[in-house]
Amino acid sequence: MNSSTSDLPSSPAEQPSWLIFAIDQVWIGVFNDETTGYQQPRDPTAHPQGPIFTVNRQLRPAPQAAEREALIWLQDSTGRCFGVPCDQVDEVIASPLVSLHSLPPILAASDPLLQALLLPDKRRVALLIDVDRLARELLDHAQERSDG
Amino acid sequence: MAERAKAWVLDVGAPFLIAISEHEMVEVLETPERHLVPRGPDFCQHVAIRHNEVIPLLDLSRLQPQAAAASAVNPTLTPYTVILAYQTTSGAMVSRAGLLIRKAPKGIAVGDEMEVVPPSGIPSVWRTLMIACFEWERQPILVPDLARLLVPLEPTE
């Protein structure tokens, strides 16, 4: 599934367990209830659900970069929505072939944004992140910029 | 005849060679697929998947901050990966980590008579890891306790 315009299926039975999105070939993962959908960035039928933050592969705020193929909407636990442009979005449905791993201690201790690793298949590793923390980092950064 | 222990000498891209004991070595892989994990420490930015296990990969050439800033990660510089087993404490479960190395490991026998005083000028980060130093082929070989690198630190909350 590349750059398709789509909202997540409404039926829980149809919902994937995670969404993973790629930024500069790094796969980032979030639990399904931490997203509200994904779309093409310039989809005229799409309604903005919140501010959009461009980030780099380190998930640090980045200047507006090259055009990206997709836009994923993330939602923190307080219901705040924000969009992140990315190269690709993919659904990962829980199955015996999909494994979730705790981070090696050296990585778990390095940055609280990192939560776990998801192995959706043999060729990819997705980094499950703390969406609340990412929201705070991006919103704080935006606040700092607006404060000048 | 003095008792000798088997060890593997590794070129990790530091200004000196290091050695690990024979029992720490699990296997040597040629260019396993590396997956970037952003926001890890400079010396641990990638993992490999081995038998469905996530293995952190350590690039010890980037242990010194200035080295990390100066050099980009270049897989062609480190074509081999040594998978090693370690325990953070005695009796703890054995974990695995990978060391990125520049040349194939060399197996040697080490005796007590080879032990030397570590040369001056060893970076402080290496001094904190070092548990011994011996001389081999007229060069100092550091023996680090790599578990010290891999012990969980307090989160920087």
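Residues numbered from 1 in each chain as written. Chains lettered and ligands numbered in written order. Predicted model: local features only at pLDDT ≥ 70, side-chain atom pairs only at ≥ 80, totals over all residues.

1. Overview of the overall build of chain B
Right, so step 1: Regarding its fold elements, chain B presents three helices and 11 strands.
Right, so step 2: Counting from the amino terminus, helix and strand elements in chain B follow one another as β-β-β-β-β-β-α-β-β-β-α-β-β-α.
Right, so step 3: With 157 residues in all, chain B has 31% of them scored as buried.
Right, so step 4: Restricting the contact set of chain B to residue pairs at least 6 apart, pairs at least 24 apart contribute 52%. (Helix = DSSP H or I, 4+ residues; strand = E, 2+ residues; numbered from the N terminus. Buried ≥ 20, exposed ≤ 12 C-beta atoms within 10 Å, placed from the backbone. Contact = placed C-beta atoms within 7 Å.)

2. Observations regarding the overall build of chain A
Right, so step 1: Regarding its fold elements, chain A presents two helices and nine strands.
Right, so step 2: Tracing chain A from N to C terminus, the helices and strands come up as β-β-β-β-β-β-β-α-β-β-α.

3. Considerations on the interface of chain B and chain A
Right, so step 1: The interface of chain B with chain A comprises 19 residues on the first partner and 21 residues on the second.
Right, so step 2: The set of elements that each furnish at least two residues to the side of chain B that touches chain A consists of β4 (35-36), β5 (46-50), β6 (53-58) and α3 (147-150) of chain B.
Right, so step 3: In terms of residue class, the side of chain B that touches chain A is made up of 14 nonpolar, three polar and two charged. (Nonpolar A, V, L, I, M, F, W, Y, C, P; charged D, E, K, R; others polar.)

4. So, the environment of Asp-132 of chain A
Residues and elements named next belong to chain A.
Right, so step 1: On the secondary structure map, Asp-132 appears in helix α2 (residues 131-147).
Right, so step 2: For Asp-132, a count of 16 C-beta atoms within 10 Å translates into the label partly exposed.
Right, so step 3: Between the C-alpha atom of Asp-132 and that of Leu-118, which follows or precedes it by 14 residues, the distance is 18 Å.
Right, so step 4: In this view, Asp-132 contacts Asp-76 and Ser-77; residues no more than four positions away in its chain are not counted.

5. Looking at α2 of chain A
Residue and element names in this part refer to chain A.
Right, so step 1: Its 17 residues place the ends of α2 24 Å apart at the C-alpha level, agreeing with the 24 Å of an ideal helix rising 1.5 Å per residue.
Right, so step 2: Those residues of α2 lying buried are Val-131, Leu-134, Ala-135 and Leu-138. The buried residues of α2 occupy one face: seen down the axis, they fall within an arc of 100 degrees. Among the exposed residues of α2, those pointing more than 90 degrees away from its buried face are Asp-140, Gln-143, Glu-144 and Asp-147. (Expected span 1.5 Å × (residues − 1). Arc of directions from axis to C-beta.)

6. Examining the confidence of the model for chain B
Right, so step 1: Here chain B averages 87 in pLDDT, while 88% of its residues score no lower than 70.
Right, so step 2: Scoring of the predicted complex yields 0.85 for pTM and 0.79 for ipTM. (pLDDT = per-residue confidence, 0-100.)

7. Considering the sheet that holds strand β9 (residues 124-129) of chain A
All names here are of chain A.
Right, so step 1: Strand order in the open sheet formed by six strands is β6-β1-β2-β9-β8-β7, with mixed pairing between adjacent strands. Of all the strands in the sheet, just β6 (88-92) and β7 (99-102) have a single pairing partner and so form its edges. On average, each strand axis in the sheet is tilted by 30 degrees relative to the strand beside it, whichever way the strands run.
Right, so step 2: Both strand β1 (residues 18-23) and strand β2 (residues 26-31) contribute to a ladder of six bridges, which runs antiparallel. Counterpart to Ile-20 in the pairing with β2 is Gly-29. (Pairing = 2+ DSSP bridges. Axes fitted to C-alpha atoms, helices over the stretch in contact; angles between N-to-C directions.)

8. Digging into the environment of Gly-40 of chain B
Right, so step 1: By secondary structure assignment, the location of Gly-40 of chain B is in the loop between β4 and β5.
Right, so step 2: Assessed through the 23 C-beta atoms surrounding it within 10 Å, Gly-40 of chain B is described here as buried.
Right, so step 3: When the C-alpha atoms of Gly-40 of chain B and Leu-146 of chain B are compared, they prove to be 17 Å apart, with 106 residues separating the residues in sequence.
Right, so step 4: Setting aside residues up to four positions removed in sequence, Gly-40 of chain B forms contacts with Leu-107 and Ser-110 of chain A together with Gln-45 of chain B.

9. Details of the sheet that holds strand β8 (residues 95-101) of chain B
Residue and element names in this part refer to chain B.
Right, so step 1: A sheet is described by the order of its strands in space; here six strands give the open sequence β3-β7-β8-β6-β5-β4, paired in mixed fashion. In this open sheet, the two edge strands, each paired with only one partner strand, are β3 (25-30) and β4.
Right, so step 2: The pairing of β5 with β6 spans five bridges and is classified as antiparallel. Within β6, the position partnered with Val-47 by the bridge is Pro-56.

10. So, the confidence of the model for chain A
Residues and elements named next belong to chain A.
Right, so step 1: Within chain A, residue pLDDT values average 85, and 87% of them lie at 70 or more.
Right, so step 2: Segment residues 1-5 is flagged for pLDDT under 50; beyond a separation of four residues in sequence, or across chains, it makes 11 contacts in the model.
Right, so step 3: Counting contacts from residues 7-12, a segment whose pLDDT is below 50, to residues more than four positions away or on other chains yields six contacts.

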